[in-house]
Amino acid sequence: MTLLAVEGAQRRFAGREVVAGVSLAIAKGETVALMGPSGCGKTSLLQMIGLLDRPDGGTIQLGTLDAWAQSQAIRAELRLTSIGFVFQHSNLIPYLSARDNVALPAWRAGGARAPALARADELLERVGVGGRRDGRASELSIGEAQRVAVARALINRPRLVLADEPTGSLDAESTEAVLALLLANDGPAVLVVTHDPEVAARAGRTLHMRDGKLTS
Ligand SMILES: Nc1ncnc2c1ncn2[C@@H]1O[C@H](COP(=O)(O)OP(=O)(O)OP(=O)(O)O)[C@@H](O)[C@H]1O
Ligand SMILES: [Mg+2]
């Protein structure tokens, strides 16, 4: 069953086409790596799939919905409950604790305080930052913040996780912990941008991008 279908996605900045007609499909639960040189359009593509940046052309279908044809309210709901996004730069709320950063999307989705905190703690433990849960996000190291961001992306049990170099600042052990959580067999579909061939090798298949287009 197809979860995500991208058809002819295009994005232009200042007249330059940085995503030049990308089509791809990802099945429910499938894990896919996206590789390509710096500046080839990976983040731009992810932002359109993640409903953060509107395409200049093409469609992005999530389940049965043409996502960008929906109202802003429905897109916001999809972003909150169906899509987990791990930003290239972790993007945590600096003055909140790590665990509040992770629990926040659950509260915003209407979840009760205690179970959200319990799940946040469990996710933080699994990526090896349980001991840092009460520290302000602004005081975390880059690698710690990256792991907290992965936990945050998973809190609402999304159907699709979009992760933009989620292990770029991690050592081998932390990378393993993040991949184990992100690429778990019964987990969400995942599209993970990476420059690391070892990370890509852990995904079900790898897409290669160059100059705004997929080459395989
Ligand atoms: N908001 C924007 N305004 C103008 N140009 C942009 C914008 N966002 C991205 N670009 C340009 O689009 C091109 C693709 O950028 P993008 O961030 O998608 O690359 P990337 O493949 O993610 O690179 P990296 O591996 O370095 O993260 C780059 O040349 C970038 O400068
Ligand atoms: Mg990028």
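Residues numbered from 1 in each chain as written. Chains lettered and ligands numbered in written order. Predicted model: local features only at pLDDT ≥ 70, side-chain atom pairs only at ≥ 80, totals over all residues.

Engineer: Teacher, can you tell me more about the site of ligand 1 here?
Structural biologist: Residues in close proximity to ligand 1 include F13, A14, V18, G36, S38, G39, C40, G41, K42, T43, S44 and Q88, which together make up its full environment. Split into classes, the residues belonging to the shell around ligand 1 amount to 4 nonpolar, 7 polar and 1 charged. (Near = placed C-beta within 6 Å. Nonpolar A, V, L, I, M, F, W, Y, C, P; charged D, E, K, R; others polar.)

Engineer: What exactly am I supposed to notice about the pairing of strand 1 (residues 2-13) here?
Structural biologist: The side chains of a regular strand alternate between the sheet's two faces. Relative to strand 2 (residues 16-27), strand 1 runs antiparallel, the two being bridged by 9 bridges. Within strand 2, the residue paired with F13 across the bridge is R16. Hairpin connection, strand 1 to strand 2: the antiparallel pair is bridged by 2 residues, and A14 has positive phi, about 50°. Sheet topology places strand 1 next to strand 4 (residues 57-62); 5 bridges connect them, and they run antiparallel. (Pairing = 2+ DSSP bridges. Helix = DSSP H or I, 4+ residues; strand = E, 2+ residues; numbered from the N terminus.)

Engineer: What am I meant to see in the nonpolar core here?
Structural biologist: In globular proteins that are soluble, nonpolar side chains generally tend to be buried together. By size, the foremost hydrophobic cluster in this structure holds 63 residues, and its most contacted members are V148, V150, A151 and V192. Of the residues forming this core, the biggest block, 7 residues, is contributed by helix 5 (residues 142-154). Setting aside residues up to four positions removed in sequence, V192 forms contacts with A33, L34, A163, P166, L182, V199 and A203. (Core = buried A, V, L, I, M, F, W, Y, C linked by C-beta atoms within 7 Å. Buried ≥ 20, exposed ≤ 12 C-beta atoms within 10 Å, placed from the backbone. Contact = placed C-beta atoms within 7 Å.)

Engineer: Sorry, what's going on with the packing of helix 3 (residues 98-108) against helix 4 (residues 113-126) here?
Structural biologist: Between helix 3 and helix 4, the shortest axis-to-axis distance is 8 Å and the interhelical angle comes to 130°. Overall, the two elements helix 3 and helix 4 adopt an arrangement that is oblique. Helix 4 is crossed by helix 3, and the crossing has right-handed handedness. For the pair helix 3 and helix 4, the contacting residues are A98, R99, V102, A103, A106 and W107 in the first and R113, A116, L117, R119, A120, D121, L123 and L124 in the second. For the contact of helix 3 with helix 4, the residue count by class is 10 nonpolar, no polar and 4 charged. (Axes fitted to C-alpha atoms, helices over the stretch in contact; angles between N-to-C directions. Parallel < 35°, antiparallel > 145°, perpendicular 65-115°, else oblique. Left-handed = near helix turned anticlockwise from the far one by under 90°.)

Engineer: Would you mind showing me how to read helix 4 here?
Structural biologist: With 14 residues, helix 4 should cover 20 Å at 1.5 Å per step; its first-to-last C-alpha distance of 20 Å lies within 8% of that length. Residues A116, A120, L123 and L124 constitute the buried set of helix 4. Projected onto a plane normal to the axis of helix 4, the buried residues spread over an arc of 100° and lie on a single side. Along helix 4, the residues that are exposed and aim more than 90 degrees away from the buried face are A114, P115 and A118. Where helix 4 is buried, its residues meet helix 3 and helix 5. G128 sits one or two positions beyond helix 4 and adopts a positive phi of about 80°. (Expected span 1.5 Å × (residues − 1). Arc of directions from axis to C-beta.)

Engineer: Help me understand the sheet that holds strand 6 (residues 83-86), please; the structure alone is not making it clear to me.
Structural biologist: Where strands meet in a sheet, backbone hydrogen bonds hold them as pairs that are either parallel or antiparallel. Read from one edge to the other, the open sheet built from 6 strands follows the order 6-7-8-3-9-10, with strand pairing classed as mixed. Each edge of the open sheet carries a strand with a single partner, namely strand 6 and strand 10 (213-214). Bridge count between strand 9 (residues 205-210) and strand 10: 2 bridges; the pairing is antiparallel. For M209, the partnering residue across the bridge sits in strand 10 and is L214.

Engineer: What am I meant to see in the sheet that holds strand 2 here?
Structural biologist: In space, the 4 strands of this open sheet follow the order 2-1-4-5, with antiparallel pairing throughout. The open sheet is flanked by strand 2 and strand 5 (65-66), the only strands paired with a single partner. Its contacts with the sheet put helix 1 (residues 42-49) on strand 1, strand 2 and strand 4, and the angle it makes with strand 1 is roughly 125°.

Engineer: How should the pairing of strand 9 be read in this particular structure?
Structural biologist: Bridge count for strand 3 (residues 31-35) against strand 9 is 4 bridges, and the pairing is parallel. Paired with L34 across the strands is L207, a residue of strand 9. Counting the residues between successive antiparallel strands, the hairpin from strand 9 to strand 10 contains 2 residues, one of them, D211, with a positive phi of roughly 50°.

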